[in-house]
Amino acid sequence: MKQIIVAKSAPEAIGPYSHGTAFNGLIFTSGQLPVDGSTGSVVEGGIAAQSEMSLKNLISVIEAANGDVNTVLKTTCYLANITDFAAFNEVYKTVFHTDCPARSCFAVKDLPLGVLVEVEAIAHQK
């Protein structure tokens, strides 16, 4: 049976979706924006600060579903500007430093709330 994931520290969804779902030991997250869950605002500071917040929100959703950074199998990363690829990677490798998950990363025309980055993942439960 599908389990709905609610992460208390992640920001509330801005549409009709959940933070994620779990099924048969797998975790599927929604895209996590660089929104501070305590204020409901997009963090300031450019791609580095926004990447840190998106990844922090992502891991909090995975942890709420009984996973952790080491159970992430694949991430999909959306950038507003492909020129931010190197700066995003600098932050990404502070979270995923060994046995990195599979990943797709590409630029898109627009992201919700005008943010610079959004990240989603598939993981497994511990």
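Refer to the structure printed above.
One numbering rule holds for all chains: residues counted from 1, following each sequence as written. Thresholds applied to this predicted model are a pLDDT of at least 70 for local features of residues and 80 or more for the giving and counting of side-chain atom pairs; totals over whole chains, interfaces and linings are not thresholded and use all residues. Calculation of side-chain values draws on the structure's entire complement of heavy atoms; hydrogens and water are dropped beforehand.

### Description of the overall build of the chain
How we decide: What counts as a helix is a DSSP run of H or I of at least four residues, what counts as a strand is a run of E of at least two, and both are numbered from the N terminus. Within these notes, the globule rule equals 2.2 Å times the number of residues to the 0.38 power, and the radius of gyration is based on C-alpha atoms. For every residue, the accessible area (1.4 Å probe, protein chains only) is compared with the maximum for its type, and the residue is labelled buried under 20%, exposed over 50%, or partly exposed between those bounds. We call two residues in contact whenever any of their non-hydrogen atoms come within 4.5 Å of each other. Here the accessible surface of atoms and residues is derived via Shrake-Rupley with a 1.4 Å probe, and residues count as covered only by protein chains that are part of the display.
Of the regular secondary structure elements, the chain holds 2 helices and 8 strands. Here the C-alpha atoms of the chain give a radius of gyration of 13 Å, agreeing with the 14 Å that 2.2 N^0.38 yields for 126 residues. Per-residue burial over the chain gives 41% buried out of 126 residues. For the chain, the proportion of contacts with a sequence separation of at least 24, taken over those separated by at least 6, is 69%. Within the structure as shown, the chain displays about 6,800 Å² of accessible surface, and the carbon and sulfur contribution to it stands at 55%.

### Remarks on the pairing of strand 7 (residues 102-107)
How we decide: The rule for pairing is simple: two strands pair if DSSP sees at least two bridges between them. A clockwise course of the path from the first strand over the helix to the second, judged with the strands pointing away from the viewer, identifies a crossover as right-handed.
As paired elements, strand 6 (residues 72-79) and strand 7 share 6 bridges and run parallel to each other. Bridge assignment links threonine 75 to a residue of strand 7, and that residue is arginine 103. In terms of handedness, the path from strand 6 via helix 2 (residues 85-95) over to strand 7 forms a crossover that is right-handed.

### Some remarks on the nonpolar core
To keep it simple, the criterion reads: Among buried residues, those of type Ala, Val, Leu, Ile, Met, Phe, Trp, Tyr and Cys that are joined through side-chain atoms within 4.5 Å constitute a nonpolar core.
Leu55, Ile62, Phe88 and Val119 are the most contacted members of the largest nonpolar core, which totals 24 residues. With sequence-adjacent residues up to four places away left out, phenylalanine 88 is seen in contact with Ser51, Cys77, Leu79, Arg103, Cys105, Val117 and Val119. Counting 5 residues, the second largest nonpolar core, distinct from the first, contains Leu33, Val35, Leu111 and Val115.

### With respect to the packing of helix 1 (residues 46-64) against helix 2
Inclusion rule: Working convention: axes come from line fits to C-alpha atoms, limited for helices to the stretch in contact. Angles between N-to-C directions cover 0 to 180 degrees. Two helices that cross are described as forming a left-handed crossing if the nearer one is turned anticlockwise from the farther one by less than a right angle, and a right-handed crossing if clockwise. Gly is put with the polar residues, along with every residue not named as nonpolar or charged; the nonpolar set is Ala, Val, Leu, Ile, Met, Phe, Trp, Tyr, Cys and Pro, and the charged set is Asp, Glu, Lys and Arg.
Taken N-terminus to C-terminus, the directions of helix 1 and helix 2 make an angle of 35°; their axes are 9 Å apart at the nearest point. Between helix 1 and helix 2 lies a crossing of right-handed hand. For the pair formed by helix 1 and helix 2, the contact residues are Ile47, Ala48, Ser51, Glu52, Leu55 and Ile59 on the first element and Ala87, Phe88, Val91, Tyr92 and Val95 on the second. Split into classes, the residues belonging to the contact of helix 1 with helix 2 amount to 9 nonpolar, 1 polar and 1 charged.

### Examining the side chain of serine 54
Note on placement: serine 54 falls in helix 1. Classification of serine 54 by relative accessible area gives buried; the value is 0%. If sequence neighbours within four positions are ignored, serine 54 has contacts with Gln32, Leu33, Pro34, Val117 and Val119.

### Here's the deal with the pairing of strand 3 (residues 26-29)
Side-chain alternation along strand 3 places Ile27 and Thr29 on a buried face and Leu26 and Phe28 on a face that remains uncovered. Alignment of strand 2 (residues 20-23) against strand 3, held across 4 bridges, turns out to be antiparallel. Among the inter-strand pairings, threonine 21 is bridged to a residue of strand 3, identified as phenylalanine 28. The hairpin formed by strand 2 and strand 3 contains 2 residues between the paired strands, and asparagine 24 there has a positive phi angle of roughly 50°. In this sheet, strand 8 (residues 117-124) lies alongside strand 3 in antiparallel orientation, the contact comprising 3 bridges.

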